[in-house]
Amino acid sequence: MSLHDIIAARIRQDGPISMADYMADCLLHPTYGYYATRDPLGAAGDFITAPEISQMFGELIGLALAQTWLDQGAPSRFTLAELGPGRGTLMADALRAASRVPGFVEAARIVLVEASPVLRDIQRSTLAGFAPEWIDTPDALPDLPLYLIANEFFDALPVRQFERGQTGWHELRVGLEGDRLLRGRAGEAPQPALDHRLDDTQPGDIVELCPQAARITESLSTRIAAQGGAALILDYGDWRSLGDTVQALRAHAPVDAFDTPGQADLTAHVDFESLAQASRRAGCSHSRVTPQGVFLERLGITQRAQSLVRARPDQADTIAAAHRRLTHPEEMGNLFKVIAIQPETATPPPGLMP
Ligand code: SAH
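Definitions and limits used
- Residues numbered from 1 in each chain as written.
- Predicted model: local features only at pLDDT ≥ 70, side-chain atom pairs only at ≥ 80, totals over all residues.
- Heavy atoms only, no water.
- Helix = DSSP H or I, 4+ residues; strand = E, 2+ residues; numbered from the N terminus.
- Contact = heavy atoms within 4.5 Å.
- Buried < 20%, exposed > 50% of the residue type's maximum accessible area, 1.4 Å probe, protein only.
- Pairing = 2+ DSSP bridges.
- Axes fitted to C-alpha atoms, helices over the stretch in contact; angles between N-to-C directions.

Along the chain, the position of Thr 49 falls in the loop between α3 (34–37) and α4 (50–53). Discounting chain neighbours no more than four positions away, the residues touching Thr 49 are Leu 41, Asn 151 and Glu 152.

Looking now at the pairing of strand β2 (residues 78–83). Among the six residues in β2, six count as buried, and that is most of the element. As judged from the six bridges shared by β2 and strand β3 (residues 108–113), these two strands associate in the parallel manner. Across the sheet, the residue bridging to Leu 83 is Val 113, located in β3. Judged from the five bridges that link them, β2 and strand β5 (residues 146–151) form a sheet pairing that is parallel. Within β5, the residue paired with Leu 83 across the bridge is Ala 150.

Moving on to the sheet that holds strand β11 (residues 247–250). The sheet built from three strands is open, its strands ordered β12-β11-β13 with antiparallel pairing. Each edge of the open sheet is held by one strand with a lone partner, namely β12 (253–255) and β13 (265–267). Between one strand axis and the next, the sheet turns through 40° on average, direction left out of account. Across three bridges, the pairing between β11 and β12 is antiparallel. Directly across from Arg 250, in β12, lies its bridge partner Ala 253.

Quick look at the structure:
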């Protein structure tokens, strides 16, 4: 049995499934899902992320969250949480840097939201000494002020896709032709959640909805509005996403999303507008959506790179290349965006504007 066979059997029995159901099976099926079965990160894996490129990324984020904690009166007990911590590298770098801020690490209860048992094991060893706790969903976060980071988490959440018709939307669904999985169009129907997209789309355009992203953001924001704290969300995407952004990656190269279900990473661009709307519904405010390169420059990545080079002159080329990769507009600097969510009365974390 393969995941292809399982999904094909499901479609034969129940008919075509949404892209969101397809992505959820591919990524999180308990036996054959992509994240359930492997460590996808790094040179030997399928993709590489900012914290795996350089320690500077996690250090600057750790310091930004510690400053936000100070700005909010340094609450004596709080949750320091990460959604989808991968190998735990970002959190380890953040904690090392933030341990320079007196009282921060001591006051933190470290909570990791992670679906993958393989990655939980790696996080356990990366973060040995910090006694993190693991939970399955953000709804289970403790009732404390919440300082939260999510890097390349929201892009892993399943999206539904819709093609604009004359007055409504055709959902794109995954069906079968013989034994081959392929995408087709359902009949046209109104979609109230997409009413605002009737203004900026034409018949034939594709738009995506990520119901889980909106739900998770609203739940985090409700906690932040009530208890204080902030969420820093970094991902690739933009204020409004348009078009089919679902991408399958295997061994650092794009592949067909329907060819080898469960064996390629599947992601979709993050629609930052829907996160912003969810935060406002929950009574929070949010920062401007800001390119990652601008954010890291404002936090002092160039100075940090220079001081690393002074300590390790033999590593100068590697450090310069990492700095470029994280900040340059033609690399990750512009494709990736940052948004912060904070209580209505608070200012955004350093590096971000209201
Ligand atoms: N933040 C890390 C890893 C990004 S990969 C980094 O920047 O390197 C996506 C991460 O989210 C992985 O840890 C994956 O296992 C986790 N993940 C994906 N979907 C999830 C879900 N629905 N619930 C919890 N964790 C999830």
